Amino acid sequence: MDKKQLNDHRDILLRYALLQLHDEAIAEDAVQETLLAALQTGDSFRSESAHRTWLIGILKHKIADHYRAAERHYSPEESASEDGEDPNAALEQLIFDGKGRWIGSPSAWHTPDHALEQDEFWRVFEWCQKNLSGQHARAFMLREMVGLETEEICQDMAISHSACRVYLHRARLGLRECLEQRWFTTKRSS
Amino acid sequence: MPGTTLVYYQEIIMKTCKDISCLLSDSMDRPLTWRERWAVRVHLLMCSHCSRFQQQVHFLRKAASRYFR
């Protein structure tokens, strides 16, 4: 494993760290330490994905170290709840009727790209994300913000492949619904 | 074989919006099988709601990927 290979994973590691640490400088440090530790061990891996899983494992320790040093309790969400009970299981019943048809059909979104330039949109986006169930939001963030593959998300959250699929689907349904109500239908005329 | 036709009918034509929205979500995470692709394609020809959902799921990805930048 060389420096170049490590750098390929750097962006994903940094986004992962940001998700947990919420501070750019601290996240940078944690990633730097992770890459350094990885270079020193110099293990070789069969596949890129095994390599990344290993790096994320190291990073998790660095993040836990940070919280320990800051004397704050670190409780990763994956330990929060098990697969079975899902507070948002009813979500699909709000979105689809008994025959699997949309209840409130998705409406056309006007100039969605324009929204990305507006601070107000990002506040709504965050708000909507916080309103998803914790597990759904985490699966979505790991997939779409950090850029992990679904296998990596299953490992990270200690959930089955089918649970992961359901979480991602519901997160997308929920986030779409919320953005439509809170942004695209209210701001459409402006 | 008549049985095969029935299976195709059920797998490709009979899908609900709920099923298709699930496949559209899946398509963001893995390649669909050819039957799934056909099911989506046939459904989207008839359903503007799911076509919008597809565009919006892509938009969610675009938005989320910018979050940390």
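Computed from a predicted model, the values in this text were never measured in an experiment.

Caption draft 1: Spotlight on the overall build of chain A. Check the secondary structure of chain A and you find nine helices and zero strands. The linear arrangement of helices and strands in chain A, starting from the amino end, is α-α-α-α-α-α-α-α-α. Taken across its 190 residues, chain A has 46% of its residues classed as buried. Total accessible area on chain A is roughly 10100 Å²; 49% of this is exposed by carbon and sulfur atoms.

Caption draft 2: Just the interface of chain B and chain A, in detail. In this assembly, 28 residues from chain B lie in contact with 37 residues from chain A. The contact between chain B and chain A buries some 3000 Å² in all, and 64% of this surface belongs to carbon and sulfur atoms. Ranking the residues of chain B by area buried against chain A places Phe59, Leu60 and Phe68 of chain B at the top, with a combined share of 23%. We note a salt bridge from Arg172 of chain A to Asp29 of chain B, for which the minimum N-O separation is 2.9 Å. Of all the secondary structure elements, the ones that give two or more residues to the side of chain B that touches chain A are helix 2 (17–26) and helix 4 (48–66) of chain B. Sorting elements by how many residues they give to the side of chain B that touches chain A places helix 4 of chain B first, with 14 residues. Here the residues of the side of chain B that touches chain A are counted per class, giving 13 nonpolar, six polar and nine charged.

Caption draft 3: Geometry of the pattern of salt bridges. If you walk through the whole model with that rule in mind, you get 20 salt bridges over all chains. Asp156 of chain A is the salt-bridge partner of Lys60 of chain A, the closest N and O atoms lying 3.4 Å from each other. You can see Lys60 of chain A sitting in helix 3 (residues 48–69) and its partner Asp156 of chain A sitting in helix 8 (residues 150–157), a full 96 residues away along the chain. A relative accessible area of 24% places Lys60 of chain A in the partly exposed class. Owing to a relative accessible area of 5%, Asp156 of chain A belongs among the buried residues under this scheme. Between Arg172 of chain A and Glu144 of chain A there is a salt bridge; the shortest N-O distance is 2.8 Å. A residue pair is termed long-range when its members are at least 10 positions apart, and Arg172 of chain A in helix 9 (residues 161–184) and Glu144 of chain A in helix 7 (residues 134–146) qualify at 28 residues. Each member of the pair Arg172 of chain A and Glu144 of chain A is classed as buried. Here the salt bridges share partners, and the residues they tie into one network are Arg143, Glu144 and Arg172 of chain A together with Asp29 and Arg61 of chain B.

Caption draft 4: A look at unusual backbone geometry. All names here are of chain A. In this structure, Thr111 is a non-glycine residue whose phi angle is positive, near 40°. With respect to the helices, strands and loops of the structure, Thr111 is situated in the loop between helix 4 (91–95) and helix 5 (112–115). Judged by its relative accessible area of 56%, Thr111 is exposed. The phi torsion at Ala158 lies on the positive side, around 55°, for a residue other than glycine. As for its position among the elements, Ala158 is in the loop between helix 8 and helix 9. Given a relative accessible area of 63%, Ala158 falls into the exposed group.

Caption draft 5: Representation of the confidence of the model for chain B within the structure. All names here are of chain B. On average, chain B scores 90 in pLDDT, and the residues at 70 or more come to 96%. Element-level pLDDT for chain B is lowest in helix 1 (residues 2–13), with a mean of 73, against a maximum mean of 97 in helix 2. Among the scores for the predicted complex, ipTM is 0.90 and pTM is 0.79.

Caption draft 6: Here's a closer look at a nonpolar patch on the surface. Together, Leu6, Tyr9, Ile13 and Met14 of chain B make up an exposed nonpolar region whose accessible area comes to about 400 Å². In this structure, Leu6 of chain B sits in helix 1.

Procedures and definitions
- Residues numbered from 1 in each chain as written.
- Chains lettered and ligands numbered in written order.
- Predicted model: local features only at pLDDT ≥ 70, side-chain atom pairs only at ≥ 80, totals over all residues.
- Heavy atoms only, no water.
- Helix = DSSP H or I, 4+ residues; strand = E, 2+ residues; numbered from the N terminus.
- Buried < 20%, exposed > 50% of the residue type's maximum accessible area, 1.4 Å probe, protein only.
- Areas by Shrake-Rupley, 256 points an atom, 1.4 Å probe, with all protein chains shown as cover.
- Contact = heavy atoms within 4.5 Å.
- Buried area = accessible area lost by both parts, 1.4 Å probe.
- Salt bridge = Lys/Arg side-chain N within 4 Å of Asp/Glu carboxyl O.
- Nonpolar A, V, L, I, M, F, W, Y, C, P; charged D, E, K, R; others polar.
- pLDDT = per-residue confidence, 0-100.
- Patch = residues over 30% accessible without salt bridge, like charges linked within 9 Å, V, L, I, M, F, W, Y side chains within 5 Å.

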